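This is what each chain is made of:
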Amino acid sequence: MNQAAKDHQDILHNAIAYCEAVWFARTGVFEAMCHERFLMTHIEAGEFIYFDKAAFIARVRARAPAEGAASYKVLAIDLVDAMARVHLWVDIPGKRFEDHLGFVKTADGWKLLTKVFRTAAHLDAQGQVI
């Protein structure tokens, strides 16, 4: 396997781990995955709300884990040298989020550096868009 294919596989693995960690509220995954200079931006009604790594993890910690299989879809992965962008959607009960994740390759592997997201839809109890 060439390096580009390995990097793509590693990013896909991280994207799936990210989605499952959102669904199951696994803060330990984010503590390991997020770069120390991680920054999250939530866009809602034209407003921008920013969270650093500690605030993001506290936000996840405050939620109860969802039950059943994680609900998500990885839409695209773009890789250029030591940078990667992942476009996906991930659910938590009641909401679907559209996320754009920015990863950087470090000596410790791929780290999540940026996250820009919005609430894409509200979901009913069966996980259907309402």
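This section reports on the structure supplied with the text. Sequence order sets the numbering: in each chain, residues are counted from 1 along the sequence as written. Local features in this predicted model are restricted to residues of pLDDT 70 or higher, and side-chain atom pairs are both shown and tallied only at a pLDDT of 80 or more, whereas totals for entire chains, interfaces and linings draw on every residue. Computation of side-chain values covers all heavy atoms of the structure but excludes hydrogens and water.

### Thoughts on the sheet that holds strand β4 (residues 83-92)
Strand pairing is assigned whenever DSSP detects at least two bridges linking the two strands. Strands here mean DSSP runs of E at least two residues long; helices mean DSSP runs of H or I at least four residues long; both are numbered from the N terminus. Ordered in space as β2-β1-β6-β5-β4-β3, the 6 strands form an open sheet in which the pairing is mixed. Edge positions in the sheet fall to β2 (47-52) and β3 (72-80), since each has one partner strand and no second. In this sheet, adjacent strand axes meet at a mean angle of 15° when their direction is disregarded. Inspection of the sheet shows β4 paired to strand β5 (residues 95-106) by 10 bridges, in the antiparallel sense. When the sheet's bridge partners are listed, leucine 88 is paired in β5 with aspartate 99. Whether two residues touch is decided by their heavy atoms; if any such pair falls within 4.5 Å, the residues are in contact. All axes here are fitted lines through C-alpha atoms, helices being fitted over the stretch that makes contact, and every angle between N-to-C directions spans 0 to 180 degrees. The strands touched by helix α1 (residues 3-24) are β3, β4, β5 and β6 (109-122); relative to β4, the strand with the most contacts, the crossing angle is about 25°.

### Focus on the pairing of strand β1 (residues 34-44)
Of the pairings in the sheet, the one linking β1 to β6 comprises 5 bridges and is parallel in character. Paired with cysteine 34 across the bridge in β6 is leucine 112. Sheet analysis places β1 next to β2, joined by 6 bridges and oriented antiparallel. Residue methionine 40 lies in a different strand from β2, and its bridge partner there is phenylalanine 51. In this structure, the hairpin formed by β1 and β2 is closed by a connection of 2 residues, where alanine 45 is found at a positive phi of approximately 50°.

### Comments concerning the layout of surface pockets
In this approach, a probe sized like a water molecule rolls over the atoms, and the result shows the empty space that is left. In this analysis the probe radius is 1.4 Å and the grid spacing 1 Å, with only protein atoms considered; a cavity is a set of points the probe fits into but cannot get out of, a pocket is an open set with protein on both sides within 12 Å along at least five of seven lines, and lining residues have an atom within 4 Å of a point. Grid points are joined across faces, edges and corners, and a volume is the space filled by probe spheres set on the points. Here the largest pocket defines a volume of roughly 210 Å³. Lining the largest pocket are 14 residues, with Val22, Arg59, Arg63, Ile92 and Phe97 sitting closest to its centre. Each residue gets one label: Ala, Val, Leu, Ile, Met, Phe, Trp, Tyr, Cys and Pro are nonpolar, Asp, Glu, Lys and Arg are charged, and the others, such as Gly, are polar. Split by residue class, the lining of the largest pocket holds 9 nonpolar, no polar and 5 charged.

### Side note on the nonpolar core
Most often, soluble globular proteins have nonpolar side chains that are buried together. Residues belong to one nonpolar core when they are buried, are Ala, Val, Leu, Ile, Met, Phe, Trp, Tyr or Cys, and are joined through side-chain atoms within 4.5 Å. Residue exposure (1.4 Å probe, protein chains only): buried if accessible area is under 20% of the type maximum, exposed if over 50%, otherwise partly exposed. Membership of the largest hydrophobic core comes to 28 residues, with the highest contact counts inside it found for Tyr18, Phe30, Phe56, Val86, Leu88, Phe103 and Leu112. Taken together, the elements giving at least two residues each to this core come down to α1, α2 (27-33), β1, α3 (53-61), β4, β5 and β6. Broken down by element, this core gets its largest block of residues, 6 residues, from α1. The residues touching leucine 112, leaving out its near neighbours within four places in the chain, are Tyr18, Met33, Cys34, His35, Phe38, Leu101, Gly102 and Phe103.

### Re the pattern of salt bridges
Salt bridges are identified by distance alone: a Lys or Arg side-chain nitrogen within 4 Å of an Asp or Glu carboxyl oxygen. For the coordinates displayed, the defined rule picks out 8 salt bridges. The partner of aspartate 10 in a salt bridge is lysine 6, with the nearest N and O atoms 2.9 Å apart. Placement of the pair is aspartate 10 and lysine 6 together in helix α1, with a separation of 4 residues, close to one helical turn. Relative accessible area serves as the criterion here: at 24%, aspartate 10 is assigned to the partly exposed category. With its nearest N and O atoms 2.9 Å apart, the salt bridge here joins lysine 105 to aspartate 7. You can see lysine 105 sitting in strand β5 and its partner aspartate 7 sitting in helix α1, a full 98 residues away along the chain.

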